[in-house]
Every structure is written in C-alpha cells, then in structure tokens.
Amino acid sequence: MTVTNDPVALNEWIICGWIGQMPPGESLETMILGQPITVMRTGDTGYRVAERLADGRAGRELPVQLRFGSIFTTLGTPQRPLPEMPEFDEPDRVHVNCGAIRTNTSPYRIIENFLDMAHFSFIHPGILGTVEETEVQSYRTEHRKDPDEIWAIDCPYMQPKGLYSPSRGEAPPGIGLTTRTYRIMSPFSACLAKVSPRDPSRLDITSIFVQPLTETSCLVHTPVTYLGDPSVGPGRAAFQQTIFMQDRIVLENQIPALFPLDPTAELPTRADATSIAYRRWLKGMGIRFAIFERREAA
C-alpha cells in the first residue's frame, strides 16, 4: 500500500474512530491516506495512535485529538485546527455516533453528495424529498477566510415532515419547507445545521467526517448532536445509516471514482452552487490526493 506524498492531505486532521469504539486496553487496526495505523484505547478516556509498520510493529506515534465524540489524527503538521462546533459542548444535548460505513469512492465525492440537495427526491423519496417537489431553490455560498471554509446559506427545500425528528410527534405529516445551512470545514469534513424542533433558537447538527483509507476507499462517520429525547438515539443512528446506504449505491457507481477538478469534466447546474465552490476551493489549495487531474497528467 502506497502512502500519499501530498502535503495538503498529509497536514489535515483525519478521523480514525470514535470514542468508546473499543473497550479499555483494546486496539483497532485501520488506515488513513494509505498508511496503516493502530488506534489504542489506553484507559477510560485515553487514546494513542501510531503508524503500523509492514512487519506489524508499531512505528511513529501520531498526534491525537478527541472532539465531537470522535478520534482524530494526522500524518503531518496541520495548518488548520479542528473546526469549532460549540453545539457538541452544550450539556443538554444528545450526541449520537452513527458508526462508520465503508464506501469505495474518493472522499470528495462523498462530501459533495452530502451537500447535494438535488438528489433528495430521487434517491430518498418519502424521506428527504418527494417526487412532487423536486426543485432546488436559489441559495448562496460564501468562502469564509477565517477560518478557511465554504458555507451554503439559507438553503430551502420542501421535504416530508414528521418521518424523523429527535422528538417524535413534533411535526405533523405532510410536506414542509426546511432551511438548511451547510458548512465545508476541510477537504474531508462538512456539517449540516437545521433549526431544532425543540427550540427554534438553536440548531441540530449532522456532521460527516470522511476517513480516506486510500484514494478510492473510505470510511464515512456521521456524528450527530441534537436537542431531544436520548431514547431515540438508536433510531437516529439507524435513520442516518438508511440515508447513507441509499447514497452509497450511487456513489460507488460514479465514474471516475477519483475526483475531477476540471470544470469541463462534469457540467454543473444552478443547483450545484455548493459543489462548484467546493471544487474551486480544493483546486485553490492544490490538493492532489484522490484527484483525477493528476492521473490524466501522469
């Protein structure tokens, strides 16, 4: 297995597991960016991460951060901190880790799919969209410099109500207009913020952190934080898994699996404003890992 030499990817914080995934004293063998690693739980709250050599021995110990119920590490020297999501620190919230699903495509296709509202009515009918309402209405994107992130603001979409909420029975059946805010926090992470049905002054957050095992194989982690009843946490996790398993069928059939940044390779529409901003952002940072242009030039 070849470890990437792309400094942009190497210098990112990357998820490699979730807190509580293994009992104290146990370890998990996994991979990031082509590098085998071992994630070790050293106690009730402690974790260590080390590279794993070809002969199975532990190699270089790697930095570790524990945030959002998850474990992050890096193979390089990060130029950006982990994102700030203060909702995860609020004491009255329920935090749910929805597991990790292996998906055979590039990490950027997974992030792009998470941002795409145009597929709701076709891939998730009756859940996130309906065949009666397929239009993606206008919204705006922003490239924020501090921190360096892409935001999609005031994204309206007509979708079913009451099929799932952190507290059952708060939304009546039927179709309702929801407003979403998307935030791309790194090449391998994004989140969705929606007004909480429990408190319209606060937000529920669904995050996506992609763990690139190789250029075309990833683990997809989706930690969620919401206001509501803790007893529906398992149902929330099952809901997220259902949505992503529907997406995975599409993701694994996209060609090429590597991500093209050439604007003429895949023609966008008005609904793809966030995708366009994401691709420009990736191109501007000079990332090469899992990018189709590099393969074309070789």
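Only a predicted model underlies this, so the values are computations on that prediction, with no experimental measurement involved.

Enquirer: Describe in detail the pattern of salt bridges, supporting the description with residues and values.
Expert: Any two side chains of opposite charge can pair, on the condition that their charged atoms come close. Tallied over the full model, the rule gives 14 salt bridges. A salt bridge links arginine 140 to glutamate 142; the nearest nitrogen and oxygen atoms lie 2.4 Å apart. The closest approach of N and O atoms between arginine 144 and glutamate 142, which form a salt bridge, is 2.8 Å. What makes arginine 144 partly exposed here is its relative accessible area of 31%. Through salt bridges with shared partners, one network takes in Glu90, Asp92, Arg93, Arg202 and Asp204.

Enquirer: Explain the pairing of strand E14 (residues 217-226) to me, and be specific about the residues and the numbers.
Expert: Most of E14 sits out of view: 10 of its 10 residues are buried. Burial along E14 is two-sided: Ser217, Leu219, His221, Pro223 and Thr225 facing one way and Cys218, Val220, Thr222, Val224 and Tyr226 facing the other are all buried. Of the strand pairs in this sheet, strand E8 (residues 94-103) and E14 are connected by eight bridges, and their pairing is antiparallel. Note on E14: the bridge partner recorded for valine 94 is tyrosine 226. Taken together, the seven bridges between strand E13 (residues 203-214) and E14 define a ladder with antiparallel strand orientation.

Enquirer: Give a detailed account of the packing of helix H2 (residues 107-115) against helix H4 (residues 233-251), specifying residues and quantitative values.
Expert: With their axes 11 Å apart at the nearest point, H2 and H4 run at an angle of 125 degrees to one another. Relative to H4, the element H2 is oriented oblique. Our pair here, H2 against H4, has a crossing hand that is right-handed. In this structure, H2 uses Arg109, Ile110 and Asn113 to contact H4, whose residues at the interface are Phe244, Asp247 and Leu251. In terms of residue class, the contact of H2 with H4 is made up of three nonpolar, one polar and two charged.

Enquirer: Any details on the packing of aromatic side chains? Residues and values, ideally.
Expert: Think of a pair of aromatic rings as described by two things: how far the centres are apart, and how the planes are tilted against each other in angle. Applying the stated criterion across every chain yields a total of 10 aromatic pairs. Geometrically, the ring pair formed by phenylalanine 68 and phenylalanine 72 is edge-to-face, given 6.2 Å between the ring centres and 90 degrees between the ring planes. What links up through ring pairs into an aromatic cluster is the set Tyr108, Phe188, Phe259, Tyr278, Trp281 and Phe289. Sitting over the ring of tryptophan 151, arginine 144 keeps its end group 3.9 Å from the ring centre.

Enquirer: Talk me through the sheet that holds strand E2 (residues 27-32); I want residue IDs and the actual numbers.
Expert: The four strands lie next to each other as E2-E3-E4-E5, forming an open sheet whose pairing is antiparallel. The open sheet has two edge strands with one neighbour each: E2 and strand E5 (58-62). Neighbour-to-neighbour, the strand axes of this sheet turn through a mean angle of 35 degrees, independent of strand direction. Of the strand pairs in this sheet, strand E4 (residues 47-52) and E5 are connected by three bridges, and their pairing is antiparallel. The residue bridging alanine 50 from the neighbouring strand is glutamate 61, located in E5.

Enquirer: How would you explain the pairing of strand E10 (residues 148-160) if you had to name every residue and give the values?
Expert: Among the 13 residues in E10, 10 count as buried, and that is most of the element. Taken together, the six bridges between strand E9 (residues 140-145) and E10 define a ladder with antiparallel strand orientation. Within E10, the position partnered with threonine 141 by the bridge is alanine 152. Hairpin remark: E9 followed by E10, antiparallel, with two residues in the connecting loop.

Enquirer: Describe the confidence of the model for the protein, naming the residues involved and giving the relevant values.
Expert: Here the protein averages 88 in pLDDT, and 89% of its residues register 70 or above. Confidence drops under pLDDT 50 across residues 162-172; counting only partners more than four residues distant or on other chains, this segment forms 26 contacts.

Enquirer: Go over the nonpolar core with me, naming the residues and quoting the values.
Expert: In this structure, Tyr108 and Tyr182 are the most contacted members of the largest nonpolar core, which totals 52 residues. A per-element tally of this core places H2 first, with five residues. Among residues more than four places away in sequence, those in contact with tyrosine 182 are Phe114, Leu115, Met117, Phe120, Ile150, Trp151, Ala152, Cys155, Cys191 and Leu192. One finds Phe68, Leu82, Met85 and Met185 within the second-largest nonpolar core, a separate group that totals 12 residues.

About the cut-offs
- Residues numbered from 1 in each chain as written.
- Predicted model: local features only at pLDDT ≥ 70, side-chain atom pairs only at ≥ 80, totals over all residues.
- Heavy atoms only, no water.
- Salt bridge = Lys/Arg side-chain N within 4 Å of Asp/Glu carboxyl O.
- Buried < 20%, exposed > 50% of the residue type's maximum accessible area, 1.4 Å probe, protein only.
- Helix = DSSP H or I, 4+ residues; strand = E, 2+ residues; numbered from the N terminus.
- Pairing = 2+ DSSP bridges.
- Axes fitted to C-alpha atoms, helices over the stretch in contact; angles between N-to-C directions.
- Parallel < 35°, antiparallel > 145°, perpendicular 65-115°, else oblique.
- Left-handed = near helix turned anticlockwise from the far one by under 90°.
- Contact = heavy atoms within 4.5 Å.
- Nonpolar A, V, L, I, M, F, W, Y, C, P; charged D, E, K, R; others polar.
- Phe/Tyr/Trp six-rings, centres within 6.5 Å; stacked < 30°, edge-to-face > 60°.
- Lys NZ or Arg CZ within 6 Å of the ring centre and 35° of its normal.
- pLDDT = per-residue confidence, 0-100.
- Core = buried A, V, L, I, M, F, W, Y, C linked by side-chain atoms within 4.5 Å.

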